[in-house]
Amino acid sequence: MSLIQCETCAGNGEVVTDWNVYLHPPEGSPADAGVKDCSECDGNGWFDDGGYAPTSSR
Ligand SMILES: [Zn+2]
């Protein structure tokens, strides 16, 4: 099993939807203004290359 970086969001888990808002967020806008969760990787930034999901021990 290995992790593959999502090409759509370059591993960020987010994709910029509006660069103007992203770079210059209007006053009072949320922290994630101008971006949205990547729909390709579900906002993870990485794909699980088959097998089983890694269990992060917390
Ligand atoms: Zn992605």
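Residues numbered from 1 in each chain as written. Predicted model: local features only at pLDDT ≥ 70, side-chain atom pairs only at ≥ 80, totals over all residues.

Draft legend 1. Focus on the overall build of the chain. If you tally the helices and strands in the chain, you get 1 helix and 4 strands. The linear arrangement of helices and strands in the chain, starting from the amino end, is β-β-α-β-β. Here the chain holds 58 residues, and the buried ones make up 5% of them. Long-range pairs, those at least 24 residues apart, make up 60% of the contacts in the chain with a sequence separation of at least 6. (Helix = DSSP H or I, 4+ residues; strand = E, 2+ residues; numbered from the N terminus. Buried ≥ 20, exposed ≤ 12 C-beta atoms within 10 Å, placed from the backbone. Contact = placed C-beta atoms within 7 Å.)

Draft legend 2. Broad picture of unusual backbone geometry. Positive phi, close to 60 degrees, is recorded for alanine 10, a residue that is not glycine. Relative to the assigned elements, alanine 10 resides in the loop between strand E1 (3-5) and strand E2 (14-16). Here aspartate 42, not a glycine, exhibits a phi torsion of approximately 65 degrees, which is positive. In this fold, aspartate 42 is placed in the loop between strand E3 (35-37) and strand E4 (46-48). You can call aspartate 42 exposed: it has 11 C-beta atoms within 10 Å.

Draft legend 3. Quick look at the environment of threonine 17. Relative to the assigned elements, threonine 17 resides in the loop between E2 and helix H1 (19-23). With 17 residues separating them along the chain, threonine 17 and glycine 34 place their C-alpha atoms 5.3 Å apart. Not counting the four nearest positions on each side in its chain, threonine 17 is found in contact with Gly34, Val35 and Lys36.

Draft legend 4. Quick look at the environment of tryptophan 46. Its location among the elements puts tryptophan 46 in strand E4. As a C-alpha pair, tryptophan 46 and glutamine 5 span 41 residues in sequence and 4.5 Å in three-dimensional space. In this structure, tryptophan 46 is in contact with Leu3, Ile4, Gln5, Cys6, Gly11 and Cys41, ignoring residues within four places of it in sequence.

Draft legend 5. Region of the structure containing the environment of cysteine 6. Its place among the elements puts cysteine 6 in the loop between E1 and E2. The sequence separation of cysteine 6 and cysteine 41 amounts to 35 residues, and the corresponding C-alpha distance is 6.5 Å. If sequence neighbours within four positions are ignored, cysteine 6 has contacts with Gly11, Cys38, Glu40, Cys41, Gly45, Trp46 and Phe47.

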